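Letter by letter, the chains look like this.
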Amino acid sequence: AASSGSAPSPLFKVNSPNVQYTDEHILSKYSYFNTLVTKQADGTMIAEPTETVYEFKTERTVPRVGMMMVGWGGNNGSTLTASILAHKNKLTWRTKSGVHKPNYFGSVTQSSTVRLGVDAEGADVYVPMSQMLPMVNPTDFVLGGWDISSKNLAESMDRAKVLAYDLQRQVTDEMSKMTPLPSIYYPDFIAANQEDRADNLIPGNDKRAHVNHIRKDIRDFKAANNLDKVIVIWTANTERFAELIDGVNDTADNFLAAVENSHEEVAPSSIFALACIEEGTPFINGSPQNTFVPGLIQLAERHKAFIGGDDFKSGQTKMKSALVDFLVNAGIKPVAITSYNHLGNNDGKNLSSHRQFRSKEISKSTVVDDMVAANDLLYAKNEHPDHTVVIKYVPSVGDSKRALDEYECDIFMGGRQSISMYNICEDSLLASPLIIDLVIMTELMTRLQYKTIDMPKFSSFHSVLSILSYMLKAPMVTPGTPVVNALSRQRTAIENIFRAAVGLSANNEMGLEHKIW
Ligand code: NAI
Ligand code: DG6
C-alpha cells in the first residue's frame with residue numbers, strides 16, 4: 001500500500017468568502033480578468049474586459065514522492081543526489097573558503113519569495129514560494145533512475161568532478177549503494193563518443209518490450225519504496241532530433257504502431273515518455289531533442305498524463321530570456337546576439353558531435369522569438385536579430401562552463417550599444433535546482449484541479465505543463481497556444497496561478513496605496 005503523506009499547516013490562511021479550507025482541500029473561487037482585443041478593418045482595435053470565474057481545488061496532503069532520473073549517473077544526476085543527501089544528513093563540509101552548509105540556491109520554489117500583500121502600514125509582506133501551496137520538500141524525495149553507464153552514484157559523482165571533495169567524502173558510502181537501473185541504448189541517437197560508457201543496457205531491440213520494461217521498473221520502484229507518486233525526468237544525453245515522418249510519429253496510433261514495429265526513428269527518450277504516459281507517471285524532458293513527437297503529445301492527451309519539456313534553462317539562455325525582454329521592453333533594439341559556450345564535461349563531449357549539437361542549437365536559438373514579435377515598433381514583421389550559438393568542447397574546464405555573449409543593439413539616433421557578458425560556473429550546480437523545481441511543480445499540478453461554471457466536475461490542467469516554462473529553454477505549450485519565453489512573464493504566471501489557487505488576486509505592481517493622496 002502507498003504511504004499516506006502529510007498535510008503541512010500553512011504559513012498563511014486566506015480570509016475570504018471565496019476560499020475554504022477542508023481537511024483534504026483548499027477550495028477557491030477566482031475571477032480571471034482578461035482583455036479581448038478585436039482588430040478593425042481601419043487598423044484600430046476594440047478592447048473589451050472579460051471575466052471568467054474559475055474554481056480551484058488543491059489537495060492538501062503532500063505525498064511521498066519518488067524522482068526517477070534517466071541519466072542518473074550523469075553530472076546532473078549525481079550532483080543532485082549528493083546535494084539531497086547533504087540536506088537529509090545535515091552535512092557540513094570545508095573548502096579553502098571555510099565551512100559550507102547545504103542550500104537550495106537556484107531553486108525558484110525553495111529559495112525565492114512571493115509578495116503576499118501589504119501590512120497595515122503599507123509595507124510589503126513576502127512568503128517563500130514553497131509556502132504558497134502545500135508542496136513536497138525536496139529533501140524528502142526518494143531518488144532512483146536509469147543509466148546506460150553501470151557506475152554507482154559515488155563513482156559517478158567522482159567522475160563528474162563538480163562537488164568539493166570534503167562533501168563527496170561524506171556521501172560516498174551511501175551513494176556507492178545506489179546503482180542505476182539498466183537503460184535503453186540506441187546508438188544512433190547520441191554521439192558515437194558515448195559508446196564506451198554504455199555497459200548497463202536492457203537487452204534486445206524490441207521497442208514495445210523496452211516500454212514494458214521501463215513501466216515495470218517504475219512500478220517496482222514505487223512499490224519497493226512505498227511511494228504515492230513517481231515523477232520521471234530525462235537528464236540523460238542530448239539526442240539527435242528524430243525525423244518527423246507521416247505515418248510513423250505524426251499521430252498517437254501511428255506512433256504506437258511504430259513502437260510495435262520497433263521503427264528506427266523512435267528514440268530512447270520517446271520510449272521513456274511513452275512508458276510514463278501509459279503508466280500515468282508525469283515525464284519531463286530536460287534535454288533539447290524532440291522527444292515529444294506529435295503522436296506522443298496526442299497520446300499524453302488521450303491518457304490525460306502530464307508531460308513537460310524541453311531542455312533545462314540554466315544559465316546563458318536564462319540570462320537571455322531576462323535581458324532581451326528587458327531591452328525590448330525598454331525600447332532598445334537588439335540586432336545581434338552572439339553566444340559562445342565552452343565546456344569540458346560529458347555533456348560537452350556529446351555535443352561535440354554535430355547532430356546532437358544541432359538539437360541544442362535549436363533550443364538555445366528560439367528563446368527570443370516572442371519578445372521580438374511583441375514589439376512592432378522595433379521590428380518589422382518577420383524581422384529577427386542575428387542569433388548565433390557556438391558550443392565547443394574543451395575538456396580541461398570540466399563542468400565549469402564558460403558562456404560569452406555579445407548583445408549588439410540599435411539605440412537612440414543611430415547609435416550602437418554593445419553589451420558583453422561572461423559567465424563561469426559549474427553547469428550542474430545551475431541545472432540541479434531546476435530539476436528540483438520541475439519535479440516539485442509537476443507533482444503539485446497532479447493535485448491542483450480547476451472548474452468553470454459550465455463544467456460538471458473538476459478537471460486537471462492540460463497534459464502539457466506550460467507552467468514549467470520558467471525552467472525550460474524551449475517550453476512546450478498546449479498545441480496551438482503561444483509560447484512565452486520571457487523570464488519575468490514565466491515567473492509571473494507561476495506566482496499568479498499559485499495565488500489563484502488560494503483565492504488571491506493576481507499580483508500587480510500598481511502600488512496605488514502609495515501613489516494617491
Ligand atoms: P552527462 O553527460 O553528465 O549525463 C548524462 C547521462 O545520461 C550519462 O551518465 C549517460 O551515460 C546517460 N545516458 C545517455 N543515454 C542514456 C539513456 N538512453 N538512458 C539512460 N541514461 C543515458 O550530462 P549532464 O551534464 O548531466 O546533462 C544531462 C542533460 O541535461 C544533457 O542533455 C544536457 O544537455 C542537459 N542540460 C544540462 C544542463 C546543465 O546545466 N548541466 C542545462 C541544460 C540542459
Ligand atoms: C553548452 O551550452 C552546453 C549545454 O548543455 C548548456 O550548458 C546547457 O544547455 C545550459 O544552457 P544555458 O543556455 O541555459 O546556459
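Refer to the structure above for everything that follows.
Predicted model, so just to flag it, every value in this text is computed and none were measured.

J.: What is the right way to read the sheet that holds strand β13 (residues 333–343) from this model?
T.: Strand pairing in a sheet relies on backbone hydrogen bonds, with the paired strands running either antiparallel or parallel. Pairing in this open sheet of 4 strands is mixed, and the strands run β14-β13-β15-β16 from one edge to the other. Unpaired on one side and paired on the other, β14 (386–393) and β16 (416–426) mark the two borders of the sheet. Strand-to-strand, the axes of this sheet are offset by a mean angle of 10°, without reference to chain direction. With 9 bridges connecting them, β13 and strand β15 (residues 400–410) associate as antiparallel partners. Residue pairing in the sheet places T338 in a bridge with E406 of β15. Where helix α9 (residues 316–329) meets the sheet, its contacts fall on β13, β14, β15 and β16, and the angle it forms with β15 comes to roughly 15°. The sheet strands contacting helix α13 (residues 427–445) are β13, β15 and β16, and the helix crosses β16 at an angle near 85°.

J.: Looking at this model, I keep getting lost on the packing of aromatic side chains. Mind explaining?
T.: Any two aromatic rings considered together are summarised by their centre-to-centre distance and by the angle between their planes. Within this structure, the stated rule accounts for 9 aromatic pairs. Aromatic pair F283 and F292: ring centres 5.9 Å apart, planes at 70°, arrangement edge-to-face. When sorted by exposure, F283 lands in the same class as F292, which is buried. Each member of the aromatic cluster is reached from another via a ring pair, and the members are Y30, Y32, Y54, F56, Y450 and F461.

J.: So what exactly am I meant to see when it comes to the site of ligand 1 here?
T.: Neighbouring ligand 1 are 30 residues; D147, S183, R197, S287 and N346 lie closest to it. Within the side chain of D347, a nitrogen or oxygen atom sits 2.9 Å from an oxygen atom of ligand 1. Out of a free accessible area of 840 Å², ligand 1 has 99% covered by protein chains. Looking at the shell around ligand 1, the elements with two or more residues in it are α1 (75–88), α10 (346–351) and α13. Classifying every residue of the shell around ligand 1 by side-chain character gives 10 nonpolar, 13 polar and 7 charged.

J.: What is the right way to look at the sheet that holds strand β11 (residues 283–285) in this model?
T.: The 5 strands lie next to each other as β9-β4-β10-β11-β12, forming an open sheet whose pairing is parallel. Bordering the open sheet on either side are β9 (142–146) and β12 (307–309), each of which pairs with just one other strand. Averaged over all pairs of adjacent strands, the angle between their axes in this sheet comes to 20°, without regard to strand direction. Across 3 bridges, strand β10 (residues 229–234) lies against β11 in parallel orientation. Of the residues in β11, the one forming a bridge with I233 is I284.

What counts and what doesn't
Residues numbered from 1 in each chain as written. Chains lettered and ligands numbered in written order. Predicted model: local features only at pLDDT ≥ 70, side-chain atom pairs only at ≥ 80, totals over all residues. Heavy atoms only, no water. Pairing = 2+ DSSP bridges. Helix = DSSP H or I, 4+ residues; strand = E, 2+ residues; numbered from the N terminus. Axes fitted to C-alpha atoms, helices over the stretch in contact; angles between N-to-C directions. Contact = heavy atoms within 4.5 Å. Phe/Tyr/Trp six-rings, centres within 6.5 Å; stacked < 30°, edge-to-face > 60°. Buried < 20%, exposed > 50% of the residue type's maximum accessible area, 1.4 Å probe, protein only. Near = heavy atom within 4 Å. Polar contact = N/O pair within 3.5 Å; in protein donor to acceptor, adjacent residues only side chain to side chain. Areas by Shrake-Rupley, 256 points an atom, 1.4 Å probe, with all protein chains shown as cover. Nonpolar A, V, L, I, M, F, W, Y, C, P; charged D, E, K, R; others polar.

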